[in-house]
Amino acid sequence: MAGASTLPADFLLSRRVQEMVINGEEPASLYICRDEKEDQNGPFPLAPIPIIDLSLFSSSTTISAEREEELQKLKSALCSWGCFQAIGHGIPTSFLDKIRQVTREFFEQPMEEKKKYSKGVGEVEGYGGDPTPEEGQFLDWQDRLFLTVYPEDLRDTKFWPDTPKSFREVLEYYTTKMRMMTETVSKSMAKSLQLEENCFLNQFGERAVLSARFNYYSCCPRPEIVLGLKPHADGTGYTIILQDDVEGLQVLKEEQWFTVPTIPDALLVLMGDQMQIMTNGIFKSAVHRVVTNKEKERTSVAVFYTPEKQKEIGPEEGLVNEETPRLFKNVKDYEIVHWEYYQRGMRALHTAQV
């Protein structure tokens, strides 16, 4: 086994991880980001992340006590874990399987076909790896397709794949469902904090942005030292993640990594920094990462929900008083600042603190 090569980041990011695996290449040194000793304590525990039934918040037949109990469960989950597993979201399991299928079919196509949608190493939208990080930062063992899906006038359709043939139709429908789900989740979070139900929706704005990221984590010959996605918290309001049946996503709680269980009909709703700001620190932005697997590929689809561009957001006034003073300033386009810090391997939340 040859030693890790020291190729520059721009060169590595101009190639696909999937290609390297097919060619039998070992991870280059820039992919090696952790100590082998980290995994010596055995497998990571499964995270007991609460499962929340969203249908209880919208059904007219739900008993009020049952709805209130679920709202408190939601609040508890977001205060402690910063995420929850959503069921009862109105998307049939058969359609979730269809999204998983078109995701896998896209990445299983010949490289020449996928490269029609390639992005430059410094760009975000399109097929490839994340833009080149600052010097000294590690690279992620993954390939992805990143697409802005709403508002429609922000779409760059040259990156929307023509194959698989059903890809665009499936993504259109999923986008519609995501818009409906973010409305339900945002209203439910507000109610769980005894706030007016539209307050978070008003902060996100009518042109709140939805972006979809289709992730492909190739098998990795050195999973003990290479990560699929480095530890970070999202700069979004929140993120909705569809997993396949291969575990790999992990969340950090009290300095311990926990593996997120895979549930076929559930969508993981993960708080981002902007939701922590809007709730004045009550809900926690979840730090997470993806570990690699030697035997199995893994796919996921993450939909990022972010306030509309140039829209100022800040702590809800109903959450600020003498006992709980304001912790955060009002901010605008926070995700831009977040990205700058992310490229340095740092969190940006402190930039919004009072």
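Refer to the structure above for everything that follows.
Below is a short write-up of the structure. Note that the structure is predicted; figures quoted are calculated from it, not measured.

Taken as a whole and assessed by the stated rule, the structure comprises four cavities of 30 Å³ or more. Considered as a void within the structure, the largest cavity measures approximately 130 Å³ in volume. Around the largest cavity, the lining is made up of 18 residues, and of these Leu-13, Gly-129, Asp-130, Leu-139 and Asp-140 lie nearest the centre. For the lining of the largest cavity, the residue count by class is eight nonpolar, three polar and seven charged.

A word on helix α4 (residues 64-80). A rise of 1.5 Å per residue sets the reference length of α4, with its 17 residues, at 24 Å; its end C-alpha atoms lie 24 Å apart and thus fit the reference within 8%. Every buried residue of α4 is accounted for by Glu-70, Leu-71, Leu-74, Ala-77 and Leu-78. All buried residues of α4 project into a common sector of 125 degrees when viewed along the axis, lining one side. The exposed set on the far side of α4, more than 90 degrees from its buried face, consists of Ala-65 and Glu-69. Residues of α4 that are buried in the fold lie against β1 (51-53), α3 (55-58), β2 (83-87), α7 (167-192) and β10 (267-271).

Let's shift gears to the pattern of salt bridges. Under the defined criterion, the tally for this structure stands at 22 salt bridges. Notably, a salt bridge pairs Asp-130 with Arg-213, separated by 3.0 Å at the nearest N-O pair. Remark: Arg-213 occurs in strand β5 (residues 209-217) and Asp-130 occurs in the loop between β3 (126-128) and β4 (143-150); sequence separation between them is 83 residues. Between Arg-222 and Glu-224 there is a salt bridge, with the nearest N and O atoms lying 2.6 Å from each other. A single network of salt bridges, built from pairs that share partners, joins Glu-183, Lys-187, Lys-191 and Glu-197.

Looking now at the pairing of strand β7 (residues 238-243). In terms of burial, β7 is a largely internal element, six of the six residues being buried. Of the two faces of β7, the one lined by Tyr-238, Ile-240 and Leu-242 and the one lined by Thr-239, Ile-241 and Gln-243 are each fully buried. As defined by bridge partners, β7 adjoins β10 across four bridges and the pair is classed as antiparallel. Bridging from a neighbouring strand, Thr-239 pairs with Leu-270 of β10. In the sheet, β7 pairs with strand β12 (residues 298-306) via six bridges, with the strands oriented antiparallel. Its bridge partner lying in β12, Leu-242 is registered against Val-301.

This brings us to the sheet that holds β10. Reading across from one edge, β1-β2-β10-β7-β12-β5-β4-β3 is the order of the eight strands in this open sheet, with mixed pairing throughout. Because the sheet does not close on itself, it has two edges, and the strands there are β1 and β3. Averaged over all pairs of adjacent strands, the angle between strand axes in this sheet comes to 25 degrees, irrespective of strand direction. Where β3 meets β4, three bridges bridge the pair, whose relative direction is antiparallel. Note that in β4 the partner of Gly-126 across the bridge is Phe-146. In the packing of helix α5 (residues 93-107) onto the sheet, contacts are made with β3, β4, β5, β7, β10 and β12, and the angle to β5 comes to roughly 60 degrees. Set on the sheet, α7 makes contact with β2, β4, β5, β7, β10 and β12; between it and β7 the angle comes to about 130 degrees.

Remark on secondary structure: sheet strands pair via backbone hydrogen bonds, oriented parallel or antiparallel. Across the sheet, four strands lie side by side as β6-β11-β8-β9; this open sheet has antiparallel pairing. Single-partner strands in this sheet number two, and they are β6 (227-232) and β9 (256-259). Strand-to-strand, the axes of this sheet are offset by a mean angle of 30 degrees, without reference to chain direction. Note: strand β8 (residues 249-253) against β9, four bridges, orientation antiparallel. Across the sheet, the residue bridging to Leu-252 is Trp-257, located in β9.

This brings us to the nonpolar core. With 67 residues, the main nonpolar core has Phe-84, Tyr-174, Met-189 and Tyr-238 as its most contacted residues. In terms of residue count, α7 provides more of this core than any other element does, nine residues in total. Dropping the residues within four chain positions of it, Met-189 is found in contact with Leu-74, Leu-78, Phe-200, Tyr-238, Met-271, Met-275 and Phe-283. Ranked by size, the runner-up nonpolar core spans 19 residues in total, among them Val-251, Val-260, Leu-270 and Ala-302.

What follows covers the state of the cysteines. Under the criterion given, the structure shown has zero disulfides. Not engaged in a disulfide, the cysteine Cys-220 finds its nearest cysteine sulfur in Cys-219; these two sulfurs lie 8.9 Å apart. For Cys-220, a relative accessible area of 1% puts it in the buried group.

Right, let's get into the side chain of Thr-299. Mapped onto the fold, Thr-299 is located in strand β12. Setting aside residues up to four positions removed in sequence, Thr-299 forms contacts with Thr-103, Arg-104, Asn-215, Tyr-216, Gln-243 and Asp-244.

Let us now look at the side chain of Ser-188. Topologically, Ser-188 is positioned in helix α7. Among the residues examined, Ser-188 registers a relative accessible area of 3% and is labelled buried. Excluding residues within four positions of it along the chain, Ser-188 makes contact with Phe-57, Leu-71 and Leu-74.

Here is what the cut-offs are and how they apply
- Residues numbered from 1 in each chain as written.
- Predicted model: local features only at pLDDT ≥ 70, side-chain atom pairs only at ≥ 80, totals over all residues.
- Heavy atoms only, no water.
- 1 Å grid on protein atoms, 1.4 Å probe; cavity = no way out; pocket = protein on both sides within 12 Å on 5 of 7 lines; lining within 4 Å.
- Points joined across faces, edges and corners; volume = space filled by probe spheres on them.
- Nonpolar A, V, L, I, M, F, W, Y, C, P; charged D, E, K, R; others polar.
- Helix = DSSP H or I, 4+ residues; strand = E, 2+ residues; numbered from the N terminus.
- Expected span 1.5 Å × (residues − 1).
- Buried < 20%, exposed > 50% of the residue type's maximum accessible area, 1.4 Å probe, protein only.
- Arc of directions from axis to C-beta.
- Contact = heavy atoms within 4.5 Å.
- Salt bridge = Lys/Arg side-chain N within 4 Å of Asp/Glu carboxyl O.
- Pairing = 2+ DSSP bridges.
- Axes fitted to C-alpha atoms, helices over the stretch in contact; angles between N-to-C directions.
- Core = buried A, V, L, I, M, F, W, Y, C linked by side-chain atoms within 4.5 Å.
- Disulfide = S-S within 2.5 Å.

Taken by themselves, the reported measurements are silent on function.
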